[in-house]
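Chain by chain, the residues run as shown.
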Amino acid sequence: MNVNPSPLPILTDGNICITATGEVYQTYTLNTGLNDADYDFEWFDSNGTIIAGATNSTLVVDAAGTYSVIATNWLTGCSSDPLLSSATATVTATTPGTSMTIVQSEYFSENATIIVTVPDGSGTLMYSLDEGALQSSNTFTGVSAGEHIVTVIDTEGCTYMTQEVMVIDYPTYFTPNGDGINDTWNIVGLNQADAKLYIYDRYGKLLKQLSATQDSNGWDGTHNQEQLPSTDYWFTLDYTENGVAKQFKAHFSLNR
């Protein structure tokens, strides 16, 4: 006597993506791992009701719920056990994050910190800086001055957002030698039109008042059209950090 094995369909839990208004924009495909040539299939929804017209080895799902399948080998007549856990899968629904805000703290420090906030979405969010490794924390510390790219995804595959952020700091030196590299000095990333930025020599003489905006040409190392010598210069900056008025003082080097 021949004993024919029962089919063994294997389903994997999955996820669909829906908008806040309930529109499905990413479906999920349940796959039994069997082929349509040798087996017939019956699919069932969360209520145990047969899904009309669903007779293939795969089922495209556009609604959250628990789905199950019975596979029958048409040659032997053997069917899979409907109580097998491997023949049941749960499909969940995730809404994506659609916006983010980024706040920098600790301006002008070696521990510049940016915090990313995503106000919407139901997925498990992951964050990366400059296309680096993903992390579950929404905080990045010790970020260098200048332009960076923040990426936010969710583990369900429904969210993907990127945003540029400028980390605010100041260059510790500049080299106004006309080679097109570090030829001028200015605050990096502040872009505050009402900020007051002044440059002084070591004796406290005012040399230049600068605009701390992205349109500023910066300081070229001259005073009254005369090139100033290679040495240290000082600056003061009155600015606003996350709504709080502050003043910062420091110095930098001019290297010719």
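About the cut-offs
Residues numbered from 1 in each chain as written. Predicted model: local features only at pLDDT ≥ 70, side-chain atom pairs only at ≥ 80, totals over all residues. Heavy atoms only, no water. Helix = DSSP H or I, 4+ residues; strand = E, 2+ residues; numbered from the N terminus. Contact = heavy atoms within 4.5 Å. Pairing = 2+ DSSP bridges. Axes fitted to C-alpha atoms, helices over the stretch in contact; angles between N-to-C directions. Phe/Tyr/Trp six-rings, centres within 6.5 Å; stacked < 30°, edge-to-face > 60°. Buried < 20%, exposed > 50% of the residue type's maximum accessible area, 1.4 Å probe, protein only. Core = buried A, V, L, I, M, F, W, Y, C linked by side-chain atoms within 4.5 Å.

1. Here we look at the environment of Thr-236
Logical step 1: Mapped onto the fold, Thr-236 is located in strand E19 (residues 232–241).
Logical step 2: In this structure the C-alpha to C-alpha distance between Thr-236 and Gln-247, which are 11 residues apart in sequence, comes to 7.0 Å.
Logical step 3: Dropping the residues within four chain positions of it, Thr-236 is found in contact with Lys-196, Leu-197, Tyr-198, Tyr-200, Phe-248 and Lys-249.

2. Focus: the sheet that holds strand E12 (residues 146–154)
Logical step 1: Across the sheet, which stays open at both edges, the 3 strands sit in the order E10-E12-E13 with antiparallel pairing between neighbours. On the outer flanks of this sheet lie strand E10 (125–129) and strand E13 (160–167), each paired with one strand and no other. Direction aside, neighbouring strands of the sheet carry axes that sit 20° apart on average.
Logical step 2: The sheet contact formed by E12 and E13 spans 8 bridges and is antiparallel. Within E13, the position partnered with Gly-146 by the bridge is Val-167.

3. Here we look at the packing of aromatic side chains
Logical step 1: Considering all chains together, one arrives at 17 aromatic pairs under this definition.
Logical step 2: Between Tyr-107 and Tyr-239 the ring centres are 5.9 Å apart and the planes differ by 25°, which places this aromatic pair in the stacked class. Here Tyr-107, found in the loop between strand E8 (101–105) and strand E9 (113–117), pairs with Tyr-239, found in strand E19; they are 132 residues apart in sequence, far enough to count as distant.
Logical step 3: Among the residues examined, Tyr-107 registers a relative accessible area of 12% and is labelled buried.
Logical step 4: Classification of Tyr-239 by relative accessible area gives buried; the value is 7%.
Logical step 5: Three or more aromatic residues joined by ring pairs make a cluster, and in this case those are Tyr-107, Phe-108, Tyr-170, Phe-174, Trp-185, Trp-219, Tyr-233, Phe-235, Tyr-239, Phe-248 and Phe-252.

4. A closer look at the nonpolar core
Logical step 1: Phe-108, Trp-185, Ile-187, Leu-190, Trp-219, Phe-235 and Leu-237 are the most contacted members of the largest nonpolar core, which has 24 residues in total.
Logical step 2: Every element with two or more residues in this core is listed here: strand E15 (196–200), strand E16 (206–210), E19 and strand E20 (244–254).
Logical step 3: Setting aside residues up to four positions removed in sequence, Trp-219 forms contacts with Phe-174, Asp-183, Thr-184, Trp-185, Ile-199, Leu-207, Lys-208, Leu-210, Leu-228, Tyr-233, Phe-252 and Leu-254.
Logical step 4: The next biggest cluster of nonpolar side chains, apart from the first, holds 17 residues, and it includes Leu-30, Leu-59, Val-61 and Val-69.

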